[in-house]
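Now for the letters of each chain:
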Amino acid sequence: MAAILKGAQKNNSLRLLGIEDITVSPSTYHSIADLQQSHDIIVVHNQVGGFSSAQSNAGVMSLFDKFIDENTMDLEALFNAFDKDGSGDLSHDEMKYGLKEAGIMLTSKQLDVLLDELDADKSGTIEFSELLDGVNARKEIKMKASNSDKKFDFNFKTSSYPPLHKLKLS
């Protein structure tokens, strides 16, 4: 694990490191946090010393949150740009290709985590209301976390994505 993190430190173009299948020790977790603070990278991992896998979900959702925040975009415009068939909901493929065009490269597993987090009714598609509710719920979690004595940082660093108006979403 130390070699992976050392390699990530040396690679200045790396923006996302997925190590969801590796359980990390508390000391490795702190190394990951330091790496994220010092470099423009998100490390998505699954467990910290046997704790729940909520870290993986938090990392993937943080990446999506940062994309939205950094682009200060209108969620409805984003949703409509991703909804290629005009059906009013986003399929797995529409979300995958929309994120890819926007510069967010997720593995299939990470995309599944994101879709599962956003798909409140478990229909297999994301309706606009689910996207809005998911984003608002994450903002509420971040506010509560920043106001609590337990300091858990949901604000992982990410790279700068191109503004939505510069994306070629046809």
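No experiment lies behind these values; they were computed from the predicted model shown.

## What to know about the packing of helix α5 (residues 92-101) against helix α6 (residues 108-118)
Interaxial distance between α5 and α6 falls to 11 Å at its minimum, and their mutual angle equals 120 degrees. When the axes of α5 and α6 are compared, the pair comes out oblique. Here the hand of the crossing between α5 and α6 comes out right-handed. Note on element contacts: α6 touches α5 through Leu111, Asp112, Leu114, Leu115 and Leu118, opposite His92, Met95, Lys96 and Leu99. Tallied by class, the residues present in the contact of α5 with α6 amount to 6 nonpolar, 1 polar and 2 charged.

## Observations regarding the nonpolar core
Counting residues in hydrophobic clusters, the biggest one holds 26 residues, and the most contacted among them are Phe64, Met95, Leu99, Leu114, Leu118 and Leu131. Elements supplying a minimum of two residues to this core: β2 (42-48), α3 (54-70), α4 (75-82), α5, α6 and α7 (128-147). The element best represented in this core is α3, accounting for 6 residues. Discounting chain neighbours no more than four positions away, the residues touching leucine 131 are Phe64, Leu75, Phe79, Leu118 and Ile126. Counting 9 residues, the second largest nonpolar core, distinct from the first, contains Leu5, Ala8, Ile19 and Val43.

## Brief notes about the pattern of salt bridges
Inspection of the entire model under this criterion finds 2 salt bridges. Ionic pairing is found between glutamate 101 and lysine 84, a salt bridge with its closest N-O pair at 3.6 Å. Here glutamate 101, found in helix α5, pairs with lysine 84, found in the loop between α4 and β3 (89-90); they are 17 residues apart in sequence, far enough to count as distant. By relative accessible area, which is 33% here, glutamate 101 ends up partly exposed.

## A word on the packing of helix α1 (residues 2-10) against helix α2 (residues 26-38)
Contact geometry for α1 and α2: axes closest at 11 Å, N-to-C directions at 5 degrees. Classified by the angle between their axes, α1 and α2 sit roughly parallel to one another. On the side of α1, the interface is formed by Leu5, Ala8 and Gln9, while α2 contributes Thr28, Ser31, Ile32 and Leu35. Partitioning the contact of α1 with α2 into residue classes produces 4 nonpolar, 3 polar and no charged.

## So, the confidence of the model for the protein
Chain-level pLDDT for the protein is 74 on average; 71% of the residues reach the 70-or-more range. Put simply, α3 is where the protein has its lowest mean pLDDT, 66, and β3 is where it has its highest, 94. Confidence over residues 50-56 falls short of pLDDT 50; this stretch has 16 contacts with residues more than four positions distant or in other chains. Per-residue pLDDT stays below 50 along residues 149-165; that stretch engages in 52 contacts with residues further than four places along the chain or on separate chains.

Reading the values: the criteria
The numbering scheme is per chain: residues are counted from 1 as the chain's sequence reads. This being a predicted model, a pLDDT of at least 70 is required before a residue's local features are given, and a value of 80 or more before pairs of side-chain atoms are given or counted; all residues contribute to the totals for chains, interfaces and linings. Based on all heavy atoms of the structure, the side-chain values leave hydrogens and waters out of the count. Here an angle of 0 to 180 degrees is reported between the N-to-C directions of two axes, which are lines fitted to C-alpha atoms, with helices fitted over the stretch in contact. Every helix listed is a DSSP run of H or I at least four residues long, and every strand listed is a run of E at least two residues long, numbered separately from the N terminus. By definition in this entry, angles of less than 35 degrees are roughly parallel, angles greater than 145 are roughly antiparallel, angles of 65 to 115 are roughly perpendicular, and the rest are oblique. Throughout, a crossing is termed right-handed when the near helix is turned clockwise from the far one, and left-handed when it is turned anticlockwise from it by less than a right angle. For this analysis, residues touch if any pair of their heavy atoms sits within 4.5 Å. The classification used treats Ala, Val, Leu, Ile, Met, Phe, Trp, Tyr, Cys and Pro as nonpolar, Asp, Glu, Lys and Arg as charged, and all other residues, Gly among them, as polar. The term nonpolar core refers to a set of buried residues drawn from Ala, Val, Leu, Ile, Met, Phe, Trp, Tyr and Cys, joined through side-chain atoms within 4.5 Å. Relative accessible area decides the class of each residue, using a 1.4 Å probe on protein chains only: under 20% of the type maximum gives buried, over 50% gives exposed, and in between gives partly exposed. Here, a salt bridge means any side-chain nitrogen of Lys or Arg that lies within 4 Å of a carboxyl oxygen of Asp or Glu. pLDDT measures the predictor's confidence residue by residue and takes values from 0 up to 100.

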